[in-house]
Amino acid sequence: MRLDVVTIFPEYLEPLNVSLVGKARVNGLLDVRVHDLRQWTHDRHNTVDDSPYGGGPGMVMKPDPWGEALDAVRADGDPGIAPVLVVPTPSGRPFTQELAVELSGRPWLVFAPARYEGIDRRVIDAYAEQWEVHEVSIGDYVLAGGEAAVLVITEAVARLLPGVLGNAESHRDDSFAPGAMADLLEGPVYTKPPVWRDRDIPEVLVSGHHGRIARWRRDQAFRRTDAHRPDLIERCDPAALDKYDRAL
Ligand SMILES: N#Cc1c(-c2ccc3ccn(Cc4ccc(CN5CCCCC5)cc4)c3c2)n[nH]c1N
């Protein structure tokens, strides 16, 4: 998978050089290219913003630099591969595990994280005529720009790519992943030492009884989901709910 990011803060994307995404890049599983939007400005101040038509707070990102940047990125890619434009925005569709799975199946993502009050609307409208475009929000809170969202989306997508997560790790039992634990939050996890500050681990986890362990983990997941995200409970299948009730 190829990822391009166009931003006025390229240094904000340094974390894409470390950990899971960094390793995937070294292993050739991900081709990440970060571009400074200002290289497509032509005035002495490298201006990327201007005041909003109609008045209102803040500034708006000018269309010209973005158009030149996205055209240049497109020209640098394989003509036979269609890029997907991902635009983080507070007014976007919620970014979910489902969307992460969908994006992980695309060969080329181009991220357009804005600053100020956003990008001139005509840019997204113009590229939506030729590209698949996703305007997404990573949560119901307000950030100062889209770069943090790019880090979040990139990590959520990258870990789903074949070969990125080692055998020891898996996204099979992720929260919100399809399957028996679908849409349930993860339950508690424990590791050595067996006693820590006079706190034991649940005896079932060292029982060696895998059926009991699996049942205990699923029941813990239901309890945690019921406590923190009851809205997800009704998405579970009745059989799983029945097991939950019987375990209480
Ligand atoms: N993903 C994601 C995000 C973002 C996000 C993403 C990208 C950008 C680019 C700029 N900002 C800052 C900002 C903040 C408020 C407003 C609303 N304004 C109100 C007055 C009229 C104009 C619009 C717009 C722009 C961004 C924020 N925030 N939260 C998420 N989950």
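What counts and how
- Residues numbered from 1 in each chain as written.
- Predicted model: local features only at pLDDT ≥ 70, side-chain atom pairs only at ≥ 80, totals over all residues.
- Heavy atoms only, no water.
- Near = heavy atom within 4 Å.
- Polar contact = N/O pair within 3.5 Å; in protein donor to acceptor, adjacent residues only side chain to side chain.
- 1 Å grid on protein atoms, 1.4 Å probe; cavity = no way out; pocket = protein on both sides within 12 Å on 5 of 7 lines; lining within 4 Å.
- Sits in = over half its atoms within 2 Å of the grid points.
- Helix = DSSP H or I, 4+ residues; strand = E, 2+ residues; numbered from the N terminus.
- Nonpolar A, V, L, I, M, F, W, Y, C, P; charged D, E, K, R; others polar.
- Pairing = 2+ DSSP bridges.
- Points joined across faces, edges and corners; volume = space filled by probe spheres on them.
- Salt bridge = Lys/Arg side-chain N within 4 Å of Asp/Glu carboxyl O.
- Buried < 20%, exposed > 50% of the residue type's maximum accessible area, 1.4 Å probe, protein only.
- Contact = heavy atoms within 4.5 Å.
- Domains from an automatic or database assignment.
- Axes fitted to C-alpha atoms, helices over the stretch in contact; angles between N-to-C directions.

Considering the site of the ligand
Here is step 1 of the chain: Inspection of the region around the ligand gives 19 residues, with Glu-117, Ser-137, Gly-139, Tyr-141 and Leu-143 positioned closest.
Here is step 2 of the chain: Note that a nitrogen atom of the ligand is positioned 3.5 Å from one of the backbone N or O atoms of Thr-89.
Here is step 3 of the chain: Here a nitrogen atom of the ligand sits 3.0 Å away from a polar atom, N or O, in the side chain of Glu-117.
Here is step 4 of the chain: For the ligand, the cavity whose grid points lie within 2 Å of the majority of its atoms is the second largest pocket.
Here is step 5 of the chain: Those elements that provide at least two residues to the shell around the ligand are strand S5 (84–94) and strand S7 (132–137).
Here is step 6 of the chain: Top contributing element to the shell around the ligand by residue count: S5, with 3 residues.
Here is step 7 of the chain: Class assignment for the residues of the shell around the ligand results in 12 nonpolar, 5 polar and 2 charged.

Details of the pairing of S5
Here is step 1 of the chain: Here S5 pairs with strand S6 (residues 108–111) via 3 bridges, running parallel. The partner of Leu-85 across the bridge, within S6, is Val-110.

Side note on the layout of surface pockets
Here is step 1 of the chain: The space that makes up the second largest pocket amounts to roughly 460 Å³.
Here is step 2 of the chain: Taken together, 25 residues line the second largest pocket, and the ones lying closest to its centre are Pro-88, Thr-89, Pro-90, Glu-117 and Gly-118.
Here is step 3 of the chain: It is S5 that contributes the most residues to the lining of the second largest pocket, 5 residues altogether.
Here is step 4 of the chain: Tallied by class, the residues present in the lining of the second largest pocket amount to 14 nonpolar, 7 polar and 4 charged.

Notes on the pattern of salt bridges
Here is step 1 of the chain: All told, the structure shown has 13 salt bridges when counted by the stated rule.
Here is step 2 of the chain: Across the pair Asp-31 and Arg-33 runs a salt bridge, and its minimum N-O distance is 2.6 Å.
Here is step 3 of the chain: Arg-121 is the partner of Asp-125 in a salt bridge, and the nearest nitrogen-oxygen pair spans 3.0 Å. Remark: Arg-121 and Asp-125 occur in helix H4 (residues 121–127); sequence separation between them is 4 residues, near one turn of the helix.
Here is step 4 of the chain: Judged by relative accessible area, Asp-125 falls into the partly exposed class, the value being 39%.

A short note on the side chain of Ser-137
Here is step 1 of the chain: In this fold, Ser-137 is placed in strand S7.
Here is step 2 of the chain: In this structure the side chain of Ser-137 is engaged in a polar contact, spanning 3.1 Å, whose partner is the backbone oxygen of Gly-139.
Here is step 3 of the chain: What Ser-137 contacts, discounting residues up to four positions off in sequence, is Thr-89, Pro-90, Gly-92, Arg-93, Pro-94 and Phe-95.

A few points about the domain arrangement of the chain
Here is step 1 of the chain: As assigned here, the chain comprises domain 1 (2–158) and domain 2 (177–247).
Here is step 2 of the chain: Put simply, the middle of domain 1 and the middle of domain 2, counted by C-alpha atoms, are 37 Å apart.

Concerning the sheet that holds S7
Here is step 1 of the chain: Sheet architecture is open: 5 strands sit in the order S2-S1-S6-S5-S7, paired in parallel fashion. The open sheet terminates on both sides in strands that have one partner only, identified here as strand S2 (31–36) and S7. Recorded for the sheet is a direction-independent mean angle of 25° between the axes of neighbouring strands.
Here is step 2 of the chain: Examined bridge by bridge, strand S1 (residues 2–7) and S2 share 6 bridges and lie parallel to one another.

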